[in-house]
Amino acid sequence: DPGRDALDRRSDARARAMIDAGLLQACRGLVERGYTAALRPLQAIGYRHVMPVVEGTDTLANALQGMQRDTRHFARRQRTWFRGVAEAVWLDPGDFAAIESRVRAFLEAAAPRYSEGAR
């Protein structure tokens with residue numbers, strides 16, 4: 001758990017990265033193909049913020065602010081939910097050795113065991 005401040009910074013950066021990666025252009029392409037903001041998939045974070053920009057009823061700056069706010073809220077809800085999962089293992093995302101060790105142990109425990117003669 002990186003903590004709330006770090007999570008907020010990551011969430012804000014993720015929203016910015018979506019814009020930088022071409023979300024606005026992707027939404028324009030969807031509209032050109034006849035899709036509208038009323039479609040359920042276009043109600044997802046990002047799409048629901050950028051579609052009004054494509055329609056000319058909002059600005060990209062406002063869309064980004066809304067995306068960042070809603071991404072932060074969503075990440076906080078996920079964090080709260082995961083706290084209630086007893087089996088969840090919290091690791092520092094920068095501690096690659098610990099992550100590798102946990103993944104290796106998980107895979108070894110999940111691998112089917114065969115006896116020598118039964119292949």
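Before reading on, note that the structure itself is shown above.
### A few points about the nonpolar core
Inference 1: Formed by 13 residues in total, the largest nonpolar core has its most connected members in Ile 19, Leu 23, Cys 27, Val 50 and Met 67.
Inference 2: Residue assignment for this core shows that the elements contributing at least two residues are helix H1 (4-20), helix H2 (23-32), helix H3 (47-55) and helix H4 (60-83).
Inference 3: Beyond its immediate chain neighbours, meaning those up to four positions away, Met 67 contacts Ala 15, Met 18, Ile 19, Leu 23, Ile 45, Gly 46, His 49 and Val 50.

### Focus: the packing of aromatic side chains
Inference 1: Applying the stated criterion across every chain, the model contains one aromatic pair.
Inference 2: Taken together, a centroid distance of 5.0 Å and an interplanar angle of 80 degrees make the contact between Trp 81 and Phe 82 edge-to-face.
Inference 3: The exposure class assigned to Trp 81 is exposed, which follows from its relative accessible area of 56%.
Inference 4: Residue Phe 82 is classed as partly exposed on the basis of its relative accessible area of 39%.

Scoring rules and cut-offs
- Residues numbered from 1 in each chain as written.
- Predicted model: local features only at pLDDT ≥ 70, side-chain atom pairs only at ≥ 80, totals over all residues.
- Heavy atoms only, no water.
- Core = buried A, V, L, I, M, F, W, Y, C linked by side-chain atoms within 4.5 Å.
- Buried < 20%, exposed > 50% of the residue type's maximum accessible area, 1.4 Å probe, protein only.
- Helix = DSSP H or I, 4+ residues; strand = E, 2+ residues; numbered from the N terminus.
- Contact = heavy atoms within 4.5 Å.
- Phe/Tyr/Trp six-rings, centres within 6.5 Å; stacked < 30°, edge-to-face > 60°.

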